[in-house]
Amino acid sequence: MSNVIRGKRLETLVKRKPAGVSQWSIAWRRFKKNKAALAGLVIVGAIIVIAVFSPIIARYPLNYLASFNEEGRIRMPPSSKYWFGTDYIGRDVFSQLVYGAGNVLYVGFGAAAIAMSLAIAIGIASGYLGGLVDNVLMRITEIFLVIPFLLILLVFLRVAMAIAPSGVGSLTMVTLMIGLFSWASNARIIRGEVLRVKQNEYIEAAIALGASKWRIMFRHVLPNVLHVIIVLTTLQIATAILVEAGVSFLGFGDPNSVTWGQQLQGASEAVKEAWWEGIFPGLFITLLVLGFNLLGNGLRDALDPRLRE
Amino acid sequence: MPTKREGFKAIRFKVHNIAKNSMTKYVLRRLLYLIPIFFGILIIVFVATRMAGDPVKLMTGLNPRITFEARERLTQYYGLDQPLYYQFLKFVWEMLQGNLGNSYAIRGGTAVTTLVGNYAWETFKLQLAALFFSLVIAIPIGILSARKQYSKLDMTVTTTSLVGTCIPIFYMGIVAILIFSYFLGWFPYGAAHSLDPTRYPFGSYLLDELWHMFLPVAALTFAELAPVVLLVRSSMLEVLRQDYILAARASGLSERTVIYKHALRNALIPVVTYVGLYFGGMLAGAPITEKVFNWPGVGRLYVEAISKLDFPVITGITVFVTLMVLVANLITDIAYAYIDPRIRIE
Amino acid sequence: MASKEILKIENLTTYFYTWAGVVKAVDGVSLDVREGETLGLVGESGSGKSVTALSILRIVPRPGKIIGGKIIYKGENLLEKTEGEMQQIRGKEIAYISQEPGTSLNPVFSIADQLTEVIRRHQNVTKEEALKRAIELFRIVEIADPEIKVWNYPHQLSGGMKQRIAIAKALSCQPSLLLADEPTTNLDVTIQAQILELMKNLKEKLGMSMILVTHDMGVVAGVADRINVMYAGRICEVASTKTIFRNPLHPYTRALLEAVPNVALRKDKLKIIPGTIPNLISPPSGCRFHPRCDFALAECASTVPPLVEIESEHYVACIRAKEFTEKTVRGVKR
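Thresholds, definitions, all that
- Residues numbered from 1 in each chain as written.
- Chains lettered and ligands numbered in written order.
- Predicted model: local features only at pLDDT ≥ 70, side-chain atom pairs only at ≥ 80, totals over all residues.
- Helix = DSSP H or I, 4+ residues; strand = E, 2+ residues; numbered from the N terminus.
- Buried ≥ 20, exposed ≤ 12 C-beta atoms within 10 Å, placed from the backbone.
- Contact = placed C-beta atoms within 7 Å.
- Rg over C-alpha atoms; globule rule 2.2 N^0.38 Å.
- Pairing = 2+ DSSP bridges.
- Axes fitted to C-alpha atoms, helices over the stretch in contact; angles between N-to-C directions.
- Parallel < 35°, antiparallel > 145°, perpendicular 65-115°, else oblique.
- Left-handed = near helix turned anticlockwise from the far one by under 90°.
- Core = buried A, V, L, I, M, F, W, Y, C linked by C-beta atoms within 7 Å.
- Right-handed = clockwise from strand over helix to strand, strands pointing away.
- Expected span 1.5 Å × (residues − 1).
- Bend = angle between axes of the 7 residues up to and from the residue.
- pLDDT = per-residue confidence, 0-100.
- Nonpolar A, V, L, I, M, F, W, Y, C, P; charged D, E, K, R; others polar.

1. What about the overall build of chain C?
Link 1 in the chain: Helix and strand counts for chain C come out as eleven helices and twelve strands.
Link 2 in the chain: In terms of its C-alpha atoms, chain C occupies a principal-axis envelope of roughly 65 × 45 × 45 Å.
Link 3 in the chain: A total of 334 residues make up chain C; the buried ones form 46% of that total.
Link 4 in the chain: At a minimum sequence separation of 6, the contacts of chain C that also span at least 24 residues come to 63%.

As structure tokens, then:
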């Protein structure tokens, strides 16, 4: 870039903090301009707020059989008393949705954390170390890539039910299982990025200066693939939420935790009689997934170093 | 030099022969590569099922008069008393002879191959129809959207597709059933056929079949359509920026040739890869679709088998689906090599 | 005028409508190409020279659009032609060689397919006939084993080879005008010389005219008859190659020449033009070069300098051009 701009950057460097900060602020400035990305941020933010303040926002206690206890009826249509109607045992659909938000986010973030930790470790090790390590790791990754994901996941969820140690909540098991089976494609993308970064001269310079492999991996490679990792994590959260909803819908979720997928499963028995029971949870799943996807796409555009100038 | 008349064809034939040979080698290499992956998946599912619980206990749990000896005998009968590696090798040996074992739970211990044979077509019917329609619709829309980037049409297409990728298939299914079957009454709300032949539209079995297929295929098509549209669009945008497209335009080729010959072939390369992987995902996702539409396919069979710990059926369906996924992968690889000479000829 | 013009561009304006704003890539460019001559179109990257070339063929990529002006080729305005008529001109009358030899050939089709496609598009011949011509063209651009090489795919060939093929493709229908957009930029220096020599010879042999677009003064020096120097979407100096090198009048042309390593004798004296090419969304007022110009006056920021004939056949767009001819200012700042 021109001297003028370089000069300006230097100025900010001197006045403010080290290099990283201005990089992120550039990304943020670009992110702010992207309306779709902001919409995603608002959706995700709103649902996080709902999850945090669920006891205040919900209109009835958790799992309270509102319409059954108070009126002796179940599956009541939406009204001013039950905004989204009541379900097959008379719980208020709206309140249950609010309580479910936390669980849904827990699965999303948890599974993504597990999947991404594996993906980062495997992707960086494979891409950076190369050779035999790369070969072995990539063969394993390929197995996980072509594995009939949902089928195997269902078997493992059954295993989890069978061996679940007491104390570990079943929702945690579901989260763990989803995480353990969704790292492969991310690992491959990160590996590709690492290979790209590895070709850069500063890596060669670091090697020439005698930096250790670990140091190079964490000090030089990781920060340069961080933008990809952030984007993949966001998209992975969306996927994990969809998968949890899917397995819950099939009856393989945790029956003791309220999630939107669980609500949909309860509703699927009587779609005709009580459309409200499924419509709202489904709408919320779609909305949240959309939120994370918009956020992910927005971050990709904002963080892409090739667009940074 | 060959004679003038045969020149083009003769040389072309020779060159294609060389290409074909390298193609055969390529396919064989891919095939060899897929075998360990297949066995890897097989081992995972085999071990996992054995960890999921004891089917004999599950079967006999509700029977208070069952004796300990009877249980032992059943366990022996199913070979579950043998060490795991022995069970696995026996399974592989039998599988290679085309025998996937007999179901524990389904009446009379039906052979798994028969079960899969009976249910697989119903699954395939939906998935293939949906794949076909989604590609036929998505590719032209994606191309159009890319050519008119940032237009109103493009905005609409991208937004719809983006939202489409976020809707869970079961939710889409439920909404479709709610609207088109309960409220409007246009389509049946599940199952593959009418039970009562007198209810066939115009008395035709085929029409009845198509009538039942409509909703699930439409929902699946829409679900698959969205990501393919986005992919075709972005791939096409990338290709349209390339120099060879400019060069093709500069040499006076018609817009149609430039787009549908020069650009499309390149743009399809990532699409082909994706479709192969995606088809695998859709097949594995069959349990969900089949539950929503109450469809008698392998997916529903699979879910029942897991809840009953019906090991042979679980393993059998996994083997079948994995094989299908691998075949889809192989077809993808071949299509890939066919489209892209850089893969075919090293 | 020495000879007849084959192409005359008047006041060509091409803008790009981007999210960030309207990029005025080509802003009122006028130039002419005489029959049989090679015109060098020189400027930094981003000066609008490539866009000018693409505008002639009317294949400016989106979101670019030709806003106004005239492009008169053999007496007819190309901007008034229909798309169908233009397709008959592209490749047949006016051919184009693009910047990147590596990417100007479609990777998924064999060279034979791509060459015969163009030949058959413009000439009514059979496939076999077209193939024979393609092989003939391979001989013309000096490729060994043409019968075998013609069946290769682009990825099997080297950069220099690909550029020879791109030239063959451009020449396949004997065009009258060849637009060569940085034809040698991405090649090795030795190959560069070969390709330039080849183009020069072929141009003579086929009696074509040529516009050579480049940022490299060294390239035009050996090949071009006349040079148009472009800066930020406008022409700033037009003269014969000899004049441009011996007596450059526009400060930008001078700066360009001083930035060429083999003109400056010692490396440490290699002069850098301060700053970069301006943002063409909101270009500088007046003379677009004034913020980077060592000789700028206050007036330069307000008046757009017209292209004036200072000497015979030597046009300069600078209000101080006259002073520079008197050699008083020359060298003062060195």
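2. A look at the overall build of chain B
Link 1 in the chain: In terms of regular secondary structure, chain B is built from 14 helices and zero strands.
Link 2 in the chain: Relative to the 2.2 N^0.38 estimate, which gives 20 Å for 346 residues, the radius of gyration of chain B is 25 Å and therefore markedly larger than a compact globule would have.
Link 3 in the chain: Across its three principal axes, chain B shows a C-alpha extent of roughly 85 × 60 × 40 Å.
Link 4 in the chain: Residue burial in chain B is summarised as follows: out of 346 residues, 38% are buried.
Link 5 in the chain: Contacts in chain B between residues far apart in sequence, at least 24 positions, make up 70% of those at least 6 positions apart.

3. Concerning the sheet that holds strand E5 (residues 76–77) of chain C
All names here are of chain C.
Link 1 in the chain: Taken together, four strands build an open sheet; the order of strands is E2-E1-E4-E5 and the sheet is antiparallel. Unpaired on one side and paired on the other, strand E2 (22–34) and E5 mark the two borders of the sheet.
Link 2 in the chain: Across eight bridges, the pairing between strand E1 (residues 5–17) and strand E4 (residues 64–73) is antiparallel. Directly across from Ile9, in E4, lies its bridge partner Ile71.
Link 3 in the chain: Docked against the sheet, helix H1 (residues 49–57) engages E1, E2 and E4, running at close to 70° with respect to E2.

4. Let's talk about the environment of C:Ile195
All names here are of chain C.
Link 1 in the chain: Tracing the chain through its elements places Ile195 in helix H7 (residues 189–206).
Link 2 in the chain: Overall, the presence of 23 C-beta atoms within 10 Å leaves Ile195 in the buried class.
Link 3 in the chain: In this structure the C-alpha to C-alpha distance between Ile195 and Thr52, which are 143 residues apart in sequence, comes to 23 Å.
Link 4 in the chain: Aside from chain neighbours lying at most four places away, what touches Ile195 is Gly160, Gln163, Pro183, Thr184 and Leu187.

5. Considering the interface of chain A and chain B
Frequently, the measure chosen for interface size is the accessible area that the parts lose on association.
Link 1 in the chain: Tallying the contact residues gives 33 residues for chain A and 40 residues for chain B.
Link 2 in the chain: Sorting the residues of the side of chain A that touches chain B by element identifies helix H7 (131–146), helix H8 (149–163), helix H12 (213–249), helix H13 (260–268) and helix H14 (275–303) of chain A as the ones contributing at least two each.
Link 3 in the chain: Per-element accounting of the side of chain A that touches chain B gives the leading share, eleven residues, to H8(A).

6. Focus: the packing of helix H10 (residues 184–198) of chain A against H12(A)
Residue and element names in this part refer to chain A.
Link 1 in the chain: Contact geometry for H10 and H12: axes closest at 10 Å, N-to-C directions at 155°. By the criterion of interaxial angle, the relationship of H10 to H12 is roughly antiparallel. Remark: the crossing between H10 and H12 carries right-handed chirality. Touching Asn186, Ile189, Ile190, Glu193, Val194 and Val197 of H10 are Val221, Asn224, Val225, Val228, Ile229, Leu232 and Gln236, all from H12.

7. Focus on unusual backbone geometry
Residues and elements named next belong to chain C.
Link 1 in the chain: Along the chain, Arg62 connects to Pro63 via a cis peptide bond; the corresponding omega equals 0°.
Link 2 in the chain: By the element assignment, Pro63 lies in the loop between H1 and E4.
Link 3 in the chain: Even without being a glycine, Asn11 presents a positive backbone phi close to 55°.
Link 4 in the chain: Among the structural elements, Asn11 can be located in strand E1.

8. Structural notes on the nonpolar core
Link 1 in the chain: If you look at the biggest cluster of nonpolar residues, it comprises 273 residues, and the most contacted ones within it are A:Leu153, A:Leu154, A:Ile241, C:Ala134, C:Ile211 and C:Leu212.
Link 2 in the chain: Examining the composition of this core, we find that 19 residues originate from one element, helix H6 (residues 93–129) of chain A, more than from any other.
Link 3 in the chain: Those residues in contact with A:Leu153 that lie beyond four places of it in its chain are A:Met177, A:Ile178, A:Phe181 and A:Val247.

9. Notes on the pairing of strand E7 (residues 177–181) of chain C
Residues and elements named next belong to chain C.
Link 1 in the chain: Within E7, five of the five residues are buried, leaving the element largely enclosed by the surrounding structure.
Link 2 in the chain: Taking every second residue as pointing to the same face, both faces of E7 are buried, with Leu177, Leu179 and Asp181 on one and Leu178 and Ala180 on the other.
Link 3 in the chain: Read from E7 through H7 to strand E8 (residues 209–214), the crossover connection turns out right-handed.

10. Re the pairing of strand E10 (residues 234–240) of chain C
Residues and elements named next belong to chain C.
Link 1 in the chain: Most of E10 is tucked away: six of the seven residues are buried.
Link 2 in the chain: Looking at chain direction, strand E9 (residues 226–231) and E10 are connected through six bridges and run antiparallel. Bridge assignment links Tyr231 to a residue of E10, and that residue is Arg234.
Link 3 in the chain: Linking E9 to E10, which pair antiparallel, is a turn of two residues; within it Ala232 sits at a positive phi near 50°.
Link 4 in the chain: The pairing of E10 with strand E12 (residues 314–316) spans two bridges and is antiparallel.

11. Some remarks on the environment of B:Arg265
Link 1 in the chain: With respect to the secondary-structure elements, B:Arg265 resides in helix H10 (residues 255–284).
Link 2 in the chain: For B:Arg265, a count of 16 C-beta atoms within 10 Å translates into the label partly exposed.
Link 3 in the chain: Between the C-alpha atom of B:Arg265 and that of B:Pro36, which follows or precedes it by 229 residues, the distance is 32 Å.
Link 4 in the chain: Setting aside anything within four residues of it in sequence, one finds B:Arg265 in contact with B:Ile339 and C:Val108.

12. Brief notes about the sheet that holds strand E11 (residues 308–311) of chain C
All names here are of chain C.
Link 1 in the chain: Taken in spatial order, the eight strands of this open sheet run E6-E7-E8-E3-E9-E10-E12-E11, and their pairing is mixed. Either end of the sheet is taken by a strand with one partner, and the two such strands are strand E6 (94–97) and E11. Sheet twist, expressed as the mean angle between neighbouring strand axes with direction ignored, is 20°.

13. Comments concerning H10(B)
Link 1 in the chain: With 30 residues, H10(B) ought to run about 44 Å at 1.5 Å a step, and its terminal C-alpha atoms sit 40 Å apart, in line with that.
Link 2 in the chain: The largest bend in H10(B) comes to about 45°, at B:Leu264.

14. A few points about the confidence of the model for chain B
Link 1 in the chain: Taken over all residues, the pLDDT of chain B has a mean of 83, while the share at 70 or more is 93%.
Link 2 in the chain: Averaged pLDDT values for the elements of chain B fall to 75 in helix H1 (residues 7–51) of chain B and rise to 91 in helix H6 (residues 152–166) of chain B.

15. Here's the deal with the packing of helix H7 (residues 169–183) of chain B against helix H8 (residues 205–240) of chain B
Residue and element names in this part refer to chain B.
Link 1 in the chain: Two elements in contact, H7 and H8, have axes separated by 10 Å at closest approach and are oriented at 140°. It follows from the interaxial angle that H7 and H8 lie oblique. Remark: the crossing between H7 and H8 carries right-handed chirality. From H7, Ile169, Met172, Gly173, Ala176, Ile177, Phe180 and Ser181 reach across to H8, where they touch Leu215, Ala218, Ala219, Leu220, Phe222 and Ala223.
Link 2 in the chain: Residues belonging to the contact of H7 with H8 are distributed by class as follows: eleven nonpolar, two polar and no charged.

16. Re the confidence of the model for chain C
All names here are of chain C.
Link 1 in the chain: This prediction gives chain C a mean pLDDT of 84; 93% of its residues lie at or above 70.
Link 2 in the chain: Ranking the helices and strands of chain C by mean pLDDT puts E9 first, with 92, and helix H11 (residues 321–325) last, with 77.
Link 3 in the chain: Below pLDDT 50 for its whole length, residues 328–334 participates in six contacts with residues either more than four positions away or in separate chains.
Link 4 in the chain: Model confidence for the complex is summarised by a pTM of 0.82, with the ipTM given as 0.83.

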